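Commentary on secondary and tertiary structure
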Amino acid sequence: MSKQDEMFQKMQDNASEADVDKIRRNLSGMNRGKITDIWDKVMSLWKFIQDPEAPWAGKAIAIGALIYLVSPIDAIPDFIPVAGLTDDVGIILAAIAKLASDLKKYES
């Protein structure tokens, strides 16, 4: 299993409804820095999570990626100028790539 697959498996194993509430409370404040360039992709993940018809395995990956985004604790702290949101962008883009076919109907 690749390192990326392990990361996605961990996201699937740990996602919860409480995480969705945390995302809901904090997501709007994340449209800044490098995230602005991929905000439409972030919103596609958010729409996907909210769809009751979306498959749980995919939702769990999207939840994990968005929790990483809204969490202040990650590999490169968000407050560091220029580099702060780089890891968050990478996680979001990896989740988008993994869920590409599922996310088509949520794109703006």
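So, here is what we can say about the structure in this document. (Residues numbered from 1 in each chain as written. Predicted model: local features only at pLDDT ≥ 70, side-chain atom pairs only at ≥ 80, totals over all residues. Heavy atoms only, no water.)

**Some thoughts on the packing of helix α3 (residues 39-50) against helix α5 (residues 86-98)**
Helix packing for two helices is described by the angle between their axes and how far apart those axes are. Axis separation between α3 and α5 bottoms out at 10 Å; the angle between their running directions is 55°. Judged by the inter-axis angle, α3 sits oblique to α5. You can see that α3 and α5 cross each other, and the crossing is left-handed. Listed contacts from α5 to Lys41, Val42 and Leu45 of α3 are Ile92, Leu93 and Ile96. For the contact of α3 with α5, the residue count by class is five nonpolar, no polar and one charged. (Axes fitted to C-alpha atoms, helices over the stretch in contact; angles between N-to-C directions. Helix = DSSP H or I, 4+ residues; strand = E, 2+ residues; numbered from the N terminus. Parallel < 35°, antiparallel > 145°, perpendicular 65-115°, else oblique. Left-handed = near helix turned anticlockwise from the far one by under 90°. Contact = heavy atoms within 4.5 Å. Nonpolar A, V, L, I, M, F, W, Y, C, P; charged D, E, K, R; others polar.)

**Side note on helix α4 (residues 56-70)**
A turn of α-helix holds 3.6 residues, and therefore any two residues three or four places apart point the same way. With 15 residues, α4 should cover 21 Å at 1.5 Å per step; its first-to-last C-alpha distance of 20 Å lies within 8% of that length. Those residues of α4 lying buried are Gly58, Lys59, Ala60, Ile61, Ala62, Ile63, Gly64, Ala65, Leu66, Ile67, Leu69 and Val70. Residues of α4 that are buried in the fold lie against α1 (3-14), α2 (17-26), α3 and α5. (Expected span 1.5 Å × (residues − 1). Buried < 20%, exposed > 50% of the residue type's maximum accessible area, 1.4 Å probe, protein only.)

By themselves these figures say nothing about function.
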